[in-house]
Amino acid sequence: MTDPAPAPILMADPRVTAIPVTGSDEPLVDLRTRSGLRMDDRKADPAGHYAHVRQGVADRLARASALLPAGITFLFVEGYRPPDLQRHYFTSYRERLRDLRPDLDEAGRHLAASRYVSPPETAPHSAGSAIDLTLCTEDGRELPMGTSVNASPEDSALRCYTEAPDIDAESRANRDLLGGVLTAAGFVNYPTEWWHWSYGDRYWALGTGRTAALYGPVHRTEGSAR
């Protein structure tokens, strides 16, 4: 298995981790109270964490939604993820790579794991700045995108990469539509995951030439807005 060229900058790359965070007390808002998108329950949790994002992210998502053609809407899968859960996801996947990628040393596994799950210290989801989403029809039928949401690089033979060359033309057009409206609204994509977009985090800062990120990790408890 070889990565498409050019190789993307990964979330564990020092160029990402070195970016400072200015910090913001901007609240998390519940997208279930917003119109213009459908909420998917595959990552739903009892506390409703998955449905929350920063106010600035929610506002930009609304702008992107307004740019979609008639009959097409966003299917929102996941936003905020508590830091402890992010840490569990990352370490579990990194350990899985111990068997899948025996050619890698510990540092290599750490970097490779960040293709699919961000290290907790830089994770956009834990900052409330990331959105995982896809496109669907108004009645909820998902549009073909070449892989399912959250397909891993190993399981998808790298077709989860946004610019993967070996997906069909319809899926490519749908990825381009998704990316076009989200980019226009100010989001940046994590190029190893076509469904993952963010605003205000370290990766966004790197991709847009900012010297600092707006949002860092936030701890939300059940029922809290922050």
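The structure we're discussing is the one just above.
Calculation criteria
- Each residue is numbered by its place in its chain's sequence as written, counting from 1.
- Given that the model is predicted, a residue must reach a pLDDT of at least 70 before its local features are reported, and side-chain atom pairs must reach 80 or more before they are shown or counted; all residues, however, enter totals for whole chains, interfaces and linings.
- Excluding hydrogens and water, the side-chain values take into account all heavy atoms of the structure.
- For every residue, the accessible area (1.4 Å probe, protein chains only) is compared with the maximum for its type, and the residue is labelled buried under 20%, exposed over 50%, or partly exposed between those bounds.
- Secondary structure elements are taken from DSSP: a helix is a run of H or I of four residues or more, a strand is a run of E of two residues or more, and numbering for both begins at the N terminus.
- Here a helix's expected span is defined as the number of its residues, less one, multiplied by 1.5 Å.
- Contact between two residues is taken to exist if any of their heavy atoms lie within 4.5 Å; hydrogens are not considered.
- Two strands qualify as a pair provided that DSSP identifies no fewer than 2 bridges between them.
- The axes used here are C-alpha line fits, helices contributing only the stretch in contact, and every angle between their N-to-C directions lies in the interval 0 to 180 degrees.
- Oblique is the label for every angle not falling under 35 degrees (roughly parallel), over 145 degrees (roughly antiparallel), or within 65 to 115 degrees (roughly perpendicular).
- Put simply, a crossing is left-handed when the front helix is turned counterclockwise from the back one by less than a right angle, and right-handed when it is turned clockwise.
- Following the grouping adopted for this structure description, the nonpolar residues are Ala, Val, Leu, Ile, Met, Phe, Trp, Tyr, Cys and Pro, the charged ones are Asp, Glu, Lys and Arg, and the polar ones are all others, Gly among them.
- Every definition here rests on a 1 Å grid over the protein atoms only: cavities are sets of points where a 1.4 Å probe fits but cannot get out, pockets are open sets enclosed by protein on both sides within 12 Å along at least five of seven lines, and lining residues have some atom within 4 Å of a point.
- Grid points are joined across faces, edges and corners, and a volume is the space filled by probe spheres set on the points.
- Put simply, a salt bridge is a Lys or Arg side-chain nitrogen that is within 4 Å of an Asp or Glu carboxyl oxygen.

## With respect to unusual backbone geometry
Look at asparagine 150: it is not a glycine, yet its phi comes out positive at around 70°. On the basis of relative accessibility, which here comes to 22%, the residue asparagine 150 falls in the partly exposed class. Unlike most non-glycine residues, alanine 157 shows phi in positive territory, near 55°.

## Things to note about helix α2 (residues 55-66)
Residues that lie three or four places apart on an α-helix share one face, since the helix turns once every 3.6 residues. For α2, built from twelve residues, the straight-helix expectation of 16 Å at 1.5 Å per residue is met to within 8% by its first-to-last C-alpha distance of 17 Å. Gly56, Val57, Ala58, Arg60, Leu61, Ala64 and Ser65 are the residues of α2 that are buried. The inward-facing, buried residues of α2 contact β1 (28-30), β2 (37-39), β3 (52-54), β4 (72-78), β5 (130-137) and α6 (169-184).

## Overview of the sheet that holds β5
Across the sheet, which stays open at both edges, the five strands sit in the order β2-β4-β5-β7-β6 with mixed pairing between neighbours. The sheet is open, and its two borders are formed by β2 and β6 (188-189), each paired with just one other strand. Bridging between β2 and β4 involves three bridges; their strand directions are parallel. Considered in β4, the bridge of methionine 39 is made with phenylalanine 76. α2 rests against β2, β4 and β5 of the sheet, and its axis sits at about 150° to β4. Contacts from α6 reach β4, β5 and β7 (196-198), with the element oriented near 130° to β5.

## Notes on the packing of helix α3 (residues 83-100) against helix α4 (residues 106-113)
With their axes 9 Å apart at the nearest point, α3 and α4 run at an angle of 125° to one another. It follows from the interaxial angle that α3 and α4 lie oblique. Considering how the two elements wind past one another, α3 and α4 form a crossing that is right-handed. Here Phe90, Tyr93, Arg94, Leu97 and Arg98 of α3 come into contact with α4, specifically with Glu106, Arg109, His110, Ala112 and Ala113. Residues belonging to the contact of α3 with α4 are distributed by class as follows: five nonpolar, one polar and four charged.

## Some remarks on the layout of surface pockets
What the largest pocket holds in volume is close to 240 Å³. Element by element, the count of residues in the lining of the largest pocket is highest for α3, at three residues. When its residues are assigned to classes, the lining of the largest pocket shows six nonpolar, six polar and six charged.

## Focus on the pattern of salt bridges
Per the counting criterion, the structure on display carries 16 salt bridges. The closest approach of N and O atoms between aspartate 13 and arginine 15, which form a salt bridge, is 3.0 Å. For aspartate 13, a relative accessible area of 13% corresponds to the buried category. The salt bridge involving aspartate 166 is made with arginine 159; its shortest N-O contact spans 3.3 Å. Residue classification places aspartate 166 among the partly exposed positions, given a relative accessible area of 40%. Three or more residues are tied together by salt bridges with common partners; here these are Glu95, Arg98, Glu106 and Arg109.

So, to be careful, I would describe these as geometric facts and stop short of saying anything about function.
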